[in-house]
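The primary structure of each chain is shown beneath.
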Amino acid sequence: SMGPRTVVPSGVRNELYEILRSGASTNRPRPSVPDWIGEMTEHNGTYVVADRKPLQPRAERTRGKLLAAAAARFDAEGYTFANVNTVIADAETTKGGMYFHFASKESMAQNLIEEWSRTVHHAFTDAEAAGSTALAQVEMIFRTLAHRLDANQTLRAGMKLSLEPSIRGARQTYLRWVENTDVLVARAIEAGDVRETPAVHRLAWNLWAATVGATQAIPADCDEVSLSTRIDDAITAHFSSIATNHI
């Protein structure tokens, strides 16, 4: 029987749909699904899966090492130039060990995007729980993410990958967080915390663009200034130009 079910992560939903469709459209058996996905079914038009099957400690360590190695390569070299064989060597495993956990380089990237997406989700929920104004929540979210990106290469890789056009589902993940930020900005306008101007309506997009830009520019940054400071500076500049009151 299935355990607790969760919606298929956005980064892998299309891949799973293709797996289901390819098996359903012919008389051939349904293709196998990567082991970590668990049992899969369709519920009210949405593909859902059981929570990821628990792995033996050694397998869990291998999976973690693969994701860490992939994150390091994606962060430093970009998705296109990162080589699967190099990732496997860095993780000190084998091709068989990789394919036990991940169907492809894209599958590893999708897992990293999902990790980043969970972090963003927690930043939003934590800001909401603080009970602050909508505008204060936006500031809190981006300052929190700035410090987490500075400290965690896996998250930096996941954020960069969310803008990679060749990864299925990546762009939708990025746009979802821009839209969620825009909802908070709209609430701030309604509350009178900011003046309604074209620049304010672009605030969500501009904050995400500044965060991404600062992260992408790390390899070219010759000054010894932290990523979190770079992002904090951008946040401060945007907020000082639009706020009618101090937060």
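Refer to the structure printed above.
Think of each chain on its own: its residues are numbered from 1, step by step along the sequence as written. Thresholds applied to this predicted model are a pLDDT of at least 70 for local features of residues and 80 or more for the giving and counting of side-chain atom pairs; totals over whole chains, interfaces and linings are not thresholded and use all residues. Side-chain numbers here rest on the full set of heavy atoms in the structure, without hydrogens or water.

A. Structural detail: the nonpolar core. Take the buried residues of types Ala, Val, Leu, Ile, Met, Phe, Trp, Tyr and Cys, join any two whose side-chain atoms come within 4.5 Å, and each joined set is a nonpolar core. Exposure classes here rest on a 1.4 Å probe applied to the protein chains alone. A residue is buried below 20% of its type maximum, exposed above 50%, and partly exposed in between. In terms of nonpolar packing, the biggest core is built from 35 residues, with Trp116, Ile141 and Trp208 touching the most fellow members. Tallying contributions element by element places helix 6 (residues 134-151) first for this core, with eight residues. Whether two residues are in contact is decided by their heavy atoms: any pair within 4.5 Å suffices. Excluding residues that lie within four positions of it along the chain, Ile141 makes contacts with Ala123, Phe124, Ala127 and Leu184. Within the second largest apolar cluster, 21 residues are counted, among which are Leu66, Ala91, Met98 and Leu112. Each helix is a run of DSSP H or I of at least 4 residues and each strand a run of E of at least 2, with the numbering of both proceeding from the N terminus.

B. Looking closely at unusual backbone geometry. Phi angles above zero are rare outside glycine, and Glu92 is one such case at about 55°. Take Glu92: it is sitting in the loop between helix 3 (84-90) and helix 4 (95-101).

C. Structural context of the packing of aromatic side chains. For Phe, Tyr and Trp, where Trp contributes only its six-membered ring, two rings pair if their centres lie within 6.5 Å, and the inter-plane angle classes them as stacked under 30 degrees, edge-to-face over 60, or tilted in between. Applying the stated criterion across every chain, the model contains six aromatic pairs. Where Trp116 meets Trp208, the ring centres are 6.4 Å apart and the plane angle is 85°; that geometry is what we call edge-to-face. You can see Trp116 sitting in helix 5 (residues 105-129) and its partner Trp208 sitting in helix 10 (residues 203-216), a full 92 residues away along the chain. An aromatic cluster is built from Trp116, Phe142, Tyr174, Trp205 and Trp208, whose rings are joined through pairwise contacts. Two thresholds decide whether a charge sits over a ring: the Lys NZ or Arg CZ must be within 6 Å of the ring centre and within 35 degrees of the ring normal. Between Lys105 and the ring centre of Tyr79, over which it is positioned, the NZ or CZ distance is 4.6 Å.

D. Broad picture of the pattern of salt bridges. Basic side-chain nitrogens of Lys or Arg form a salt bridge, by our definition, when they fall within 4 Å of a carboxyl oxygen of Asp or Glu. For the coordinates displayed, the defined rule picks out nine salt bridges. The shortest N-O distance in the salt bridge between Asp75 and Arg156 comes to 3.5 Å. Of this pair, Asp75 sits in helix 2 (residues 57-77) while Arg156 sits in helix 7 (residues 153-161), and the two are 81 residues apart along the sequence. Between Asp75 and Lys160 there is a salt bridge, and its shortest N-O distance comes to 2.7 Å. Note that Asp75 is positioned in helix 2 and Lys160 in helix 7, a separation of 85 residues in sequence. Salt bridges sharing common partners tie together Arg73, Glu77 and Asp90.

E. Quick look at helix 2. Working rule for helices: expected span equals 1.5 Å times residues minus one. In a regular helix each residue adds 1.5 Å, so 21 residues correspond to 30 Å; helix 2 covers 30 Å between its end C-alpha atoms and thus fits that length. Buried within helix 2 we find Ala59, Arg63, Leu66, Leu67, Ala69, Ala70, Ala71, Phe74 and Asp75. Residues of helix 2 that are buried sit in contact with helix 3, helix 4, helix 5 and helix 7. Positive backbone phi, at 90°, marks Gly78, one or two positions downstream of helix 2.

F. Here's a closer look at the environment of Glu60. Along the chain, Glu60 turns up in helix 2. Residue class for Glu60 comes out partly exposed when judged on its relative accessible area of 30%. Sequence separation between Glu60 and His101 is 41 residues, and the spatial gap between their C-alpha atoms is 9.3 Å.

G. Local environment of the environment of Ala72. By secondary structure assignment, the location of Ala72 is in helix 2. Of the residues examined, Ala72 reaches a relative accessible area of 26% and is grouped as partly exposed. Residues Ala72 and Gln153, spaced 81 residues apart in sequence, show a C-alpha to C-alpha distance of 6.6 Å.

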